[in-house]
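Coordinates in review
So you can see what is in the structure, the chains are spelled out below.
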Amino acid sequence: MPIKNQFSELFEHIKTWRHHIHQNPELMYDTIETSKFVETKLKEFGCDEVLTGIGRTGVVALIEGKKNISGKVIGLRADMDALPIQEQTNLDYSSNNPGVMHACGHDGHTAMLLGAAKYLADTRNFNGKVALIFQPAEEGGGGAKEMIEDGLVEKFNIQEFYGMHNMPGLELGRFSIKSGDFFAAADTFIIRIVGKGGHAAKPQETIDPILISSNLVMSLQSIASRNINPTKDVVVSVCTFQTDTVSYNVIPEIVTLKGTLRTFDKDVQNNAKDKIFSLSKSIAEAYGGKAEIEFNYGYPVMKNSVDDTEIAMSVAEKVTGKKTLNAEKIMGAEDFSYMLNSAKGAYILIGNGDTPSVHSPTYIFNDEILPIGSSYWAELVETKLQL
Ligand SMILES: [Zn+2]
Ligand SMILES: [Zn+2]
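Residues numbered from 1 in each chain as written. Chains lettered and ligands numbered in written order. Predicted model: local features only at pLDDT ≥ 70, side-chain atom pairs only at ≥ 80, totals over all residues. Heavy atoms only, no water.

Regarding the coordination of the zinc ion (ligand 2)
The criterion, for reference: Donor selection uses N, O and S atoms within 2.8 Å of the metal (3.2 Å for Na, K and Ca). Since no water is included, sites may look incomplete. Working definition: with a 1.4 Å probe on protein chains only, accessible area under 20% of the residue-type maximum means buried, over 50% means exposed, and in between means partly exposed.
Taken together, Cys 104 (SG), His 106 (NE2) and His 165 (NE2) make up the full set of protein donors to the zinc ion (ligand 2), lying 2.1 to 2.3 Å away. Mapped onto the sequence, the donors of the zinc ion (ligand 2) take the spacing C-x1-H-x58-H. Take His 106: its relative accessible area is 0%, and that puts it in the buried class. You can call His 165 buried: its relative accessible area is 9%.

In structure tokens, the structure reads:
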């Protein structure tokens, strides 16, 4: 079965909503106008309940099916926040907000879920309830966690969560999913290497933190290659190397390194973390310096349930008429993991075609996938909550 007819008719509206959201991007929890826009639409569609302020600026709408004897409630989630990027797409609906851009397609995710909300509120061909979840702060703010801590599961009695993200490089409108471990846990670390600054021409009087840090950056790569079982997944990336000088003839006092650890396995995570500490300390000390380390646990592993993955796959196939692809594990992170840790469910990818990657200033969400994504949501509800 192809895209639901109603979504072909709704297409122009969904596109207009997306362009409006795209033009007015907001960061993190500051999705004030976006949340208001979403709230207004959901009320206009006649959803049974529309609640705001869940997880600060999160919005949740509840729609009851024609029947509600199953007692089942499923949650569909879209993210609403943008990124601190200066848009370079030259679109006629480019960002009105300098330095802020919907470069991850969350405008599209929000519009697709609004499309589904309109359809579900109109038709109600299901048995149970659907919670439509519009989340702020996916990009590093843990908005999903805040919504969970605000009682999302208990308030609405949600038993299953479903999420969707567009994927550049994946065939336009094609779905891809993986059962079990899907997105990695993402932790961050800051290492301050403290040496002794001085004149570049008198290195013997200094403790050079650049030399120590250079050695350390190289050594941190031995964690993946020499400490962790090669059959396990791990990434250690140092992404910032910053001195406290701007000169070409002063040896700095301090170098700050910032980076990220990506893992799927608790033991691997603990071993790699311990090794980051021990290497930093011992290498700094070997050169007469000192290491100060800060390690922060980030988004946990995102795991799809086996049976919900199978259902998501077949729903996607029904919508597109094409086989759903088996995705590989992704070392990126998703805060939807907090929802999947609170209840079972599945997260799926929808192909955005051959476009620049997400988080690029030239990234463009492809409008052609809007009705496909909305249809997936609608079909998923009618399948999971069959009349
Ligand atoms: Zn993103
Ligand atoms: Zn995203």
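Points about the pairing of strand β12 (residues 254-263)
Note the cut-off: Secondary structure is summarised from DSSP: a helix means a run of H or I of at least four residues, a strand means a run of E of at least two, and numbering begins at the N terminus for each. In this analysis, strands are considered paired if DSSP registers two or more bridges between them.
Counting buried positions along β12 yields eight of 10 residues, so the element is predominantly enclosed. By the bridge criterion, 10 bridges tie strand β8 (residues 185-194) to β12 in an arrangement that is antiparallel. Residue Ile 190 lies in a different strand from β12, and its bridge partner there is Lys 258. In this structure, strand β10 (residues 234-243) lies alongside β12, joined through nine bridges in antiparallel fashion. By the bridge assignment, Phe 241 is partnered in β12 with Leu 257.

Thoughts on the coordination of the zinc ion (ligand 1)
Around the zinc ion (ligand 1), the protein supplies Cys 104 (SG), Glu 139 (OE), Glu 139 (OE) and His 359 (NE2) as donor atoms, at distances of 2.0 to 2.8 Å. Donor residues for the zinc ion (ligand 1), ordered by position in the chain, follow C-x34-E-x219-H. The metal-metal distance between the zinc ion (ligand 1) and the zinc ion (ligand 2) is 3.1 Å, with Cys 104 serving as a donor to both. In this pair, Cys 104 sits in the loop between β3 (73-79) and α3 (106-123) while Glu 139 sits in the loop between β4 (129-135) and α4 (143-149), placing the two residues 35 residues apart along the sequence. Accessibility expressed as a relative area gives 18% for Glu 139, which makes it buried.

Focus: the environment of Thr 206
Selection criterion: In this analysis, two residues are considered to be in contact whenever any of their non-hydrogen atoms come within 4.5 Å of each other.
Along the chain, Thr 206 turns up in the loop between β9 (198-199) and α6 (209-227). Taking relative accessible area as the criterion, Thr 206 reaches 12% and is therefore assigned buried. Sequence separation between Thr 206 and Phe 182 is 24 residues, and the spatial gap between their C-alpha atoms is 47 Å. For Thr 206, the contacting residues outside a window of four places in its chain are Lys 196, Gly 197, Gly 198, His 199 and Ile 251.

Quick notes on the pattern of salt bridges
Which entries qualify depends on this criterion: Criterion for a salt bridge: a side-chain nitrogen of Lys or Arg within 4 Å of a carboxyl oxygen of Asp or Glu.
A complete count under the given rule lists 26 salt bridges for this structure. A salt bridge links Arg 124 to Asp 48; the shortest N-O distance between them is 2.9 Å. In this pair, Arg 124 is assigned in the loop between α3 and β4 and Asp 48 in the loop between α2 (32-44) and β1 (49-54), connecting sequence segments 76 residues apart. By sharing partners, the salt bridges in this structure join Glu 160, Asp 307, Asp 308, Lys 344 and Lys 384 into a single network.

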